[in-house]
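Chain and residue survey
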Amino acid sequence: MNSLDNFYAFCEKIECEYSTSAVLCDYTSFKIGGKADVMVFPDTLDKISSIIDFANEQKLPVFVLGRGSNLLVSDDGIRGIVINTSKLDKIELVDETTIVCQCGASLMRLCRFALENSLSGLEFAYGIPGTAGGAAYMNAGAYGGEMKDVLVKCEHITSDGKTGSFEKNELELGYRRSVYSDRDYIITSLTLKLAKSDREAIKGKMDDLMSRRKDKQPLEYPSAGSTFKRPEGYFAGALIEQCGLKGYTVGGAQVSEKHAGFVINIGGATAEDVSELMAHCQKVVFENTGVTIEPEVKRV
């Protein structure tokens, strides 16, 4: 038996659901990506720790997948074990203003939970695709708000299967990064501190931001959200538009005609198409403006 055959037997032993036929295009918002060797769906933290231990013993690579909203996955797929966090999605109110949620909970659900409990502070995140764990990992933000405004603690499992946590300043939350950006850890839960407010006022702000997103962003097409980080003093989308690249297409990938900050999949785009288009945008923007735009999308 090879290492993966051993792993299948191990999954059955710990009663962890797994798939050997998962194709990443079905699990990413870009709708791009090849086959995973094996995708597992642990429903407890103990199972994640056990999987990490097994992978280390067998020298199998591990990749953690939330909702795949900020990823460009290779057309060749992902080798080794893909841990899908979708079953780790519990959200609970631990006191009047504190929410604890597991990493796999969607941001949309988390925002609605805050609304139901008349808690303000997460309105900015309503409409951002992805999971709570992914939002913490990259300090997601929009419309003047960021996760750092509400996130007070993250629990995690380290690359050697140990549990731990970071609090407040230890999280090192900056523009699209956190302490986890430089560590091979799995965020397992988040603690958020919000503020009591009027439910109708919270709902009004959420509805307003969702309406603005629909008006300005190409939500009707698969994408990975904003393709490039915001260069200091500029907006990536404005620079790309300024260079006449709106609508520029490579294969099935296109610079959105609605918002040049988004590369979209107009049908059948490959990871190679997207990579070529992104590289072209970077080259043209630099040649015409002298500004370097860096990808916000994580390539796997």
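Just above, that's the structure.
Owing to the predicted nature of the structure, the values given are computational and were not obtained by experimental measurement. (Residues numbered from 1 in each chain as written. Predicted model: local features only at pLDDT ≥ 70, side-chain atom pairs only at ≥ 80, totals over all residues. Heavy atoms only, no water.)

Concerning the pattern of salt bridges
Applying the stated criterion across every chain yields a total of 14 salt bridges. Here Lys193 and Asp95 are joined by a salt bridge, their closest N and O atoms 3.8 Å apart. Of this pair, Lys193 sits in strand S13 (residues 186-193) while Asp95 is found in strand S6 (residues 91-95), placing the two residues 98 residues apart along the sequence. Using a relative accessible area of 37% as the deciding quantity, one classes Asp95 as partly exposed. Residue Arg212 pairs with Asp208 through a salt bridge whose shortest N-O separation is 3.4 Å. In this pair, Arg212 and Asp208 are both assigned in helix H5 (residues 199-216), four residues apart and thus about one turn of the helix distant. Under the relative-accessibility criterion, Asp208 is labelled partly exposed at 39%. (Salt bridge = Lys/Arg side-chain N within 4 Å of Asp/Glu carboxyl O. Helix = DSSP H or I, 4+ residues; strand = E, 2+ residues; numbered from the N terminus. Buried < 20%, exposed > 50% of the residue type's maximum accessible area, 1.4 Å probe, protein only.)

Considering the sheet that holds strand S16 (residues 253-255)
With antiparallel pairing, the three strands of this open sheet are ordered in space as S15-S16-S17. In this open sheet, the two edge strands, each paired with only one partner strand, are strand S15 (249-250) and strand S17 (263-265). Here S15 pairs with S16 via two bridges, running antiparallel. The residue of S16 that forms the bridge with Thr249 is Gln254. Strands in contact with helix H7 (residues 271-289) are S15, S16 and S17; relative to S16, the strand with the most contacts, it is inclined by about 25°. (Pairing = 2+ DSSP bridges. Contact = heavy atoms within 4.5 Å. Axes fitted to C-alpha atoms, helices over the stretch in contact; angles between N-to-C directions.)

Let's talk about the sheet that holds strand S7 (residues 98-102)
Across a sheet, strands are paired by hydrogen bonds formed along the backbone, either parallel or antiparallel in direction. Sheet architecture is open: five strands sit in the order S6-S7-S13-S11-S12, paired in antiparallel fashion. The strands lining the two open edges of the sheet, one partner per strand, are S6 and strand S12 (163-167). Neighbouring strand axes in the sheet, compared pairwise and without regard to direction, differ in orientation by 20° on average. Most of the contacts of helix H3 (residues 107-116) go to S6, to which it runs at about 35°, and overall it touches S6, S7 and S13.

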